[in-house]
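The primary structure of each chain is shown beneath.
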Amino acid sequence: MERAVRELWAESRDLLGLGSPSPDASAVPRADQPPSPLAFLRDHVSPGRPLIVSAAATRHWPASSLWPTASYLTDALRSTAVSLHLTPDGRADALAPHPGRPSSKCFASAHVRRVDFPAAIELIRGSDPAAGLVAYAQQQDDCLRGEYAAVAGDVDAHVPWASEALGCLPEAVNLWIGNAHSVTSFHKDHYDNIYAVVSGEKHFLLLPPTEHHRVYVRDYPAAHYVAEEDAGGKHQQLRLKLEMDEPERIVPWSSVDPCPGSPEEMAAQASAFPLYFDGPAPIRCTVRAGEMLYLPSMWFHHVSQSPGPNGLTIAVNYWYDMQFDIKYAYFNFLRSLEIGDCSSGKPDALEEGDLEEKND
């Protein structure tokens, strides 16, 4: 069975035109201009093939010139309270040592605090894992049209060529502001995603849906960070503590860390998850300021980021509902196959971890 699945990995990449590039090359197609709706539907949506569109896609946005400046967003949102996600290490919605059983893992969610936008930017710029506090503006509830509505007009309300091809308007449009310390663990979404970077760069590791087994999705108990404040209650004095959810909640999540921090951790990961580390290299791409990435639904993605000259990475994403068609049925069948110890054998359900974009 494992041999057949490995052959499927290679064949599916070949059919998508995403064969084995050189280590420093991107296999994701690039377009100098936005595609026509017909070409986008034919060449990318229907086969499930990612696409990067050059800066021509967002050059007309006021946000392209205004948001990277030092003061525009702070002035425009000076009186706005926003949701800020806080973790000790920049890894929200990711695996962490279980607080009661350090040899085990749990699924850890960020501590979310409402703060005025200028204070949020100060915390993001000052984020430092060495100090035990990393801040990321990553509310995932259509936040650009909600708490950031004052600047929503600086970008397009939707992506016209994508909306026409997909036959709908985006269900949600979100704003993301962070720095280099925020990292997204491998996950997938039940949305077609158009991801536009305004400042800085986003670095993606991608795996097609056919490579589901390689990320070793397993069940983990859920936990969340809580804040403990020193006297005075200042944000700079926050300490974060991990507590288990009560009542217990189980989250299916990827077990693989593709970027371990030490040779010892790399050896442990490679030993525990051979289908990932002995398989074909993940598809790598960098989305730069002004560019858009089309990421089809159900693709696994791990994301890191580099800030722009303003010290921030700023992005907007458009979530379009996926079509639950025959491709979804094929994915459900594939993930039910047991390959070693990497499959839960359960049908894909619309669980919380699947429905939310995680920490991009």
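Residues numbered from 1 in each chain as written. Predicted model: local features only at pLDDT ≥ 70, side-chain atom pairs only at ≥ 80, totals over all residues. Heavy atoms only, no water.

### Quick notes on the overall build of the protein chain
When helices and strands are counted, the protein chain shows ten helices and 18 strands. On C-alpha atoms alone, the protein chain measures out to a radius of gyration of 20 Å, which is about the 21 Å that the 2.2 N^0.38 rule sets for 360 residues. If one aligns the C-alpha atoms of the protein chain with their principal axes, the spans along those axes are about 60 × 55 × 35 Å. The burial tally for the protein chain puts 53% of its 360 residues in the buried class. Within the protein chain, counting contacts between residues at least 6 apart in sequence, those at least 24 apart form 80% of the total. Accessible surface, the protein chain: about 15400 Å² in total, of which carbon and sulfur atoms supply 53%. Across the protein chain, the 29 positively charged side chains and the 48 negatively charged ones have centroids separated by 2 Å. (Helix = DSSP H or I, 4+ residues; strand = E, 2+ residues; numbered from the N terminus. Rg over C-alpha atoms; globule rule 2.2 N^0.38 Å. Buried < 20%, exposed > 50% of the residue type's maximum accessible area, 1.4 Å probe, protein only. Contact = heavy atoms within 4.5 Å. Areas by Shrake-Rupley, 256 points an atom, 1.4 Å probe, with all protein chains shown as cover. Lys, Arg positive; Asp, Glu negative; His and termini not counted. Charge placed at Lys NZ, Arg CZ, Asp CG, Glu CD.)

### Observations concerning the sheet that holds strand β6 (residues 111-116)
The strand order across the open sheet built from three strands is β6-β3-β7, with neighbouring strands paired in antiparallel fashion. Pairing within the sheet leaves two strands with one partner each, and these edge strands are β6 and β7 (134-136). Averaged over all pairs of adjacent strands, the angle between their axes in this sheet comes to 40°, without regard to strand direction. By the bridge criterion, three bridges tie strand β3 (residues 81-87) to β7 in an arrangement that is antiparallel. Bridge pairing in β7 links T87 to V134. Against the sheet, helix α5 (residues 117-125) contacts β3, β6 and β7, and its axis sits at roughly 125° relative to β6. (Pairing = 2+ DSSP bridges. Axes fitted to C-alpha atoms, helices over the stretch in contact; angles between N-to-C directions.)

### Topic: the environment of S79
With respect to the secondary-structure elements, S79 resides in the loop between α4 (72-76) and β3. Residue S79 is classed as exposed on the basis of its relative accessible area, which comes to 73%. Placed 215 residues apart in sequence, S79 and Y294 show a C-alpha to C-alpha distance of 34 Å.

### Concerning the confidence of the model for the protein chain
Predicted confidence across the protein chain gives a mean pLDDT of 90, with 90% of residues reaching 70 or more. Within the model, the stretch residues 349-358 combines pLDDT values under 50 with 34 contacts to residues more than four positions away or in other chains. (pLDDT = per-residue confidence, 0-100.)

### Topic: the pattern of salt bridges
Per the counting criterion, the structure on display carries eleven salt bridges. Residue D43 is joined to R42 by a salt bridge in which the shortest nitrogen-to-oxygen separation is 2.9 Å. E201 is the partner of R288 in a salt bridge, and the nearest nitrogen-oxygen pair spans 3.7 Å. Taken together, the residues span a long stretch of sequence, with R288 in strand β15 (residues 283-288) and E201 in strand β11 (residues 201-207) at a distance of 87 residues. (Salt bridge = Lys/Arg side-chain N within 4 Å of Asp/Glu carboxyl O.)

### Details of the side chain of S185
As for its placement among the helices and strands, S185 is situated in strand β9 (residues 184-187). Since its relative accessible area comes to 15%, S185 is described here as buried. Looking at S185, its side chain comes within polar contact range of the main-chain oxygen of D93, at 3.1 Å. Non-local contacts of S185, meaning those with residues more than four positions away in its chain, are made with D93, A94, W253, H301 and H302. (Polar contact = N/O pair within 3.5 Å; in protein donor to acceptor, adjacent residues only side chain to side chain.)

### Some remarks on the packing of aromatic side chains
Applying the stated criterion across every chain, the model contains 13 aromatic pairs. Centre to centre, the rings of F40 and W161 are 4.9 Å apart; their planes meet at 90°, and the pair counts as edge-to-face. Separated by 121 residues along the polypeptide, F40 in helix α2 (residues 37-45) and W161 in helix α6 (residues 160-166) bring together distant segments of the chain. Judged by relative accessible area, F40 falls into the buried class, the value being 0%. Summarising the aromatic geometry, the rings of F40 and Y294 are spaced 4.8 Å apart at their centres and angled 75° between planes, so their arrangement reads as edge-to-face. On the criterion of sequence distance, the pair formed by F40 in helix α2 and Y294 in strand β16 (residues 292-295) is long-range, its members being 254 residues apart. Both residues of the pair, F40 and Y294, belong to the buried class. (Phe/Tyr/Trp six-rings, centres within 6.5 Å; stacked < 30°, edge-to-face > 60°.)

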